[in-house]
Amino acid sequence: MTKSNSSRVDHVEVLIVGAGPAGLTLAIDLARRGVACHVVEATEERGINPRCNTTSARSMEIFRRLGVADAIRKAGLPEDYPTSIHYRTTLNGEEIYRIDLPAAGDVLAGACKEDWPTPEPQHRISQLFLEPILEEHANDQPGLTLERGTRLVEFQQHDDHVEAVVETAGERRTLHCAYMVGCDGAHSTVRRQLGIRYEGVAAIQQFVSTFLHSPELGRLAARDRAWTYWTYGRRISSLIAIDGDARWLHHVAFSPDHDTEAEDPKKLLREAVGESVEHEVLGVVRWTGRQLVAQRYRTGRVFLAGDAAHIWIPVGGFGMNAGIQDAATLGWMLAAVHHGWASPEVLDAYELERKPVGEQFAGAVGSAANKAFAKFSPDIHLSDEDGKRARAEFAERLAISEPQRYSPDGFSFGYHYAGSPLVVGGEEQAAISMGDYLQRAQPGFRLPHVWLDDERSVLDVLGPGFTLLRTQPGVDVEPWNGAARDLGIPLTVVDLPERWPDRYPTELLLVRPDQHVAWMGGAGARADELLQTVTGRVAAHQW
């Protein structure tokens, strides 16, 4: 029986609904920026089935800024386990194609790091291992509280706050918060109560996903270890190494109108491997791969982030990583308003920045999925010359579609906010793609990485607020310091060596708290007006 306790009212600054990667990232970011926040999560314990298994380079950069990247980098697969992708007729059958990629230990050792476009390359780690690390880090943050077993019941918006009713163990209480963020997944209570619908493609593929324990499968894979094995038996499937030993995730794809209820996970595994293997089923999920983006990311004082704002077929883990990007964008905006150095209008830019990215990611992921699950010749299973020829032709197709999917630097470094009202001088850009990005600073884009003389990344020397990068030592920055003081805007000035004119082509670069470039130009700029523009106090002009 539900008990009402209307007399108890708790006050929090930001209420975050959902303790997945997006919600935890936002909570940690806000807490580090001095904003008290409260996270409620309906489940008592995390689900046992793995979901996302890749943390992108951009997410790792965000986690680096939040002080948790090293712990994440050391978790997941063993440090010596390759993150390669193999394509085979069956696990025991013929090899068709492969993408050889390094182990985590190689990254930790800094192998070839001078060639990296980032201080934090992507990392293969199951969400099973990622979320506990984030939650432990969140619990260590002053001003951050997290309640499991507490669900959002309903909420009402007022001019100056949100009134949310939550329930714990049958007892209800009211929380008053300045803002609320729904990070509560695809079935978001927050989104439904706001009356916001998803738009897009409701079904791209049907899937049967089996989480299993099988030392025998681990022994078979050890003959030629890979993080993921794609197999092409009766159905296209993937076997993903979760712990580099006995735990595996097996995804099998079906047409969007296929009824998967009759599909036997044990039979599907046998078809993928090419023989029966002893195993224990830990969990089975039958689900639909979609391509959907919410109509809106905000109504009043309530925001959506992560899967509550967008869901798409998990071809590369881009859904979780886009949610982490959502959190990094919204976090600094909420903190700036809370501390009074940005106008509340700055929050209007959240949807203007993140919704176009979500829509473009959804389109690119949908296109990649269509290629990944396209029909192939059954002749690849033949043992004669026709089979060799069919496998070679299939390999040529995979060589075009697959490398960018598994090293999607365009999604990490090529997404942008060039059209944002908080960005000055942004230009119209081509659609975001998985592979394309420019290692040259541009307004609206994430600041390109370089290694400095002390072996820090340029991203490491950015301040918690805005940062003014000076590439020419003679340029006077006192107008910027004075304007920032007058406006109460936190500003850090950093001098860069002059040896990267192609990467940082202007005398001055103004970088936002989320590491995106807000403006680029020279000494004659009107610092006060620019700072007011990038903090939402005045409308953008062309400078």
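What you are looking at is a predicted structure, and each value in this text was computed from that prediction instead of being measured.

A.B. asks: Please explain the sheet that holds strand β11 (residues 236-241) as it appears in this structure.
C.D. replies: Two pairing modes exist for strands in a sheet, parallel and antiparallel, and in both the strands are linked by backbone hydrogen bonds. Taken together, the eight strands give an open sheet; going across it, the order is β4-β3-β10-β11-β12-β9-β13-β16, and neighbouring strands pair in mixed fashion. The open sheet has two edge strands with one neighbour each: β4 (95-99) and β16 (310-312). Sheet twist, expressed as the average angle between the axes of neighbouring strands with direction ignored, equals 25 degrees. Pairing of strand β9 (residues 198-213) with strand β13 (residues 280-294) involves 13 bridges; the strand directions are antiparallel. Bridging from a neighbouring strand, F211 pairs with G283 of β13.

A.B. asks: I'm lost on the pattern of salt bridges in this one. Help?
C.D. replies: In total, this model carries 32 salt bridges according to the counting rule given. Here E271 and R234 are joined by a salt bridge, their closest N and O atoms 3.0 Å apart. Of this pair, E271 sits in helix α8 (residues 265-273) while R234 sits in the loop between β10 (228-232) and β11, placing them 37 residues apart in sequence. R234 sits in the partly exposed class, given a relative accessible area of 41%.

A.B. asks: Can you help me understand the packing of aromatic side chains in this one?
C.D. replies: Ring pairs (aromatic) are described by centroid distance and by the angle formed between their planes. For the coordinates displayed, the defined rule picks out 22 aromatic pairs. Relative to Y350, the ring of F303 lies with its centre 5.9 Å away and its plane at 75 degrees, an arrangement referred to as edge-to-face. Of the two residues, F303 sits in strand β15 (residues 302-304) while Y350 sits in helix α10 (residues 348-372), which places them 47 residues apart along the sequence. Residue F303 shares its accessibility class with Y350, and that shared class is buried. With a centroid separation of 5.9 Å and an interplanar angle of 65 degrees, the aromatic rings of Y415 and Y417 are classed as edge-to-face. For Y415, a relative accessible area of 2% translates into the label buried. On the basis of relative accessible area, Y417 is assigned to the buried category, the value being 2%.

A.B. asks: Honestly, the nonpolar core in this entry has me stumped. Any pointers?
C.D. replies: Note that soluble globular proteins tend to have their nonpolar side chains buried in a common cluster. Ranked by internal contacts, the top residues of the largest apolar core, which has 153 residues, are F63, Y87, M180, W480 and L510. If you tally residues by element for this core, the top one is helix α9 (residues 318-339), at 13 residues. Setting aside chain neighbours within four positions, we find W480 in contact with L468, L491, L508, L510, W519, A525, A527, L530 and L531. In terms of nonpolar packing, the next biggest core, distinct from the first, is built from 17 residues, A441, V461, V511 and V517 among them.

A.B. asks: Honestly, unusual backbone geometry in this entry has me stumped. Any pointers?
C.D. replies: Backbone phi values are negative for most residues with the exception of glycine, while trans is the configuration of most peptide bonds. Phi angles above zero are rare outside glycine, and E455 is one such case at about 70 degrees. Note that E455 resides in the loop between α12 (409-413) and β17 (466-470).

A.B. asks: Explain the side chain of S343 to me, please; I cannot follow it from the model alone.
C.D. replies: Note that S343 resides in the loop between α9 and α10. Residues contacting S343, with those up to four places away along its chain left out, are V337, T535, G536 and R537.

A.B. asks: For this particular structure, what's the right way to read the sheet that holds strand β20 (residues 517-521)?
C.D. replies: Pairing within the open sheet is mixed, and its four strands lie in the order β18-β17-β19-β20. Bordering the open sheet on either side are β18 (491-495) and β20, each of which pairs with just one other strand. Each adjacent strand pair in this sheet contributes to an overall mean axis angle of 15 degrees, direction not counted. With five bridges joining them, β17 and β18 adopt parallel strand pairing. Across the sheet, residue L469 finds its bridge partner in β18, namely V494. The sheet contacts of helix α13 (residues 478-487) involve β17, β18, β19 (508-511) and β20, and relative to β18 the element is tilted by about 165 degrees.

Parameters at a glance
- Residues numbered from 1 in each chain as written.
- Predicted model: local features only at pLDDT ≥ 70, side-chain atom pairs only at ≥ 80, totals over all residues.
- Heavy atoms only, no water.
- Pairing = 2+ DSSP bridges.
- Helix = DSSP H or I, 4+ residues; strand = E, 2+ residues; numbered from the N terminus.
- Axes fitted to C-alpha atoms, helices over the stretch in contact; angles between N-to-C directions.
- Salt bridge = Lys/Arg side-chain N within 4 Å of Asp/Glu carboxyl O.
- Buried < 20%, exposed > 50% of the residue type's maximum accessible area, 1.4 Å probe, protein only.
- Phe/Tyr/Trp six-rings, centres within 6.5 Å; stacked < 30°, edge-to-face > 60°.
- Core = buried A, V, L, I, M, F, W, Y, C linked by side-chain atoms within 4.5 Å.
- Contact = heavy atoms within 4.5 Å.

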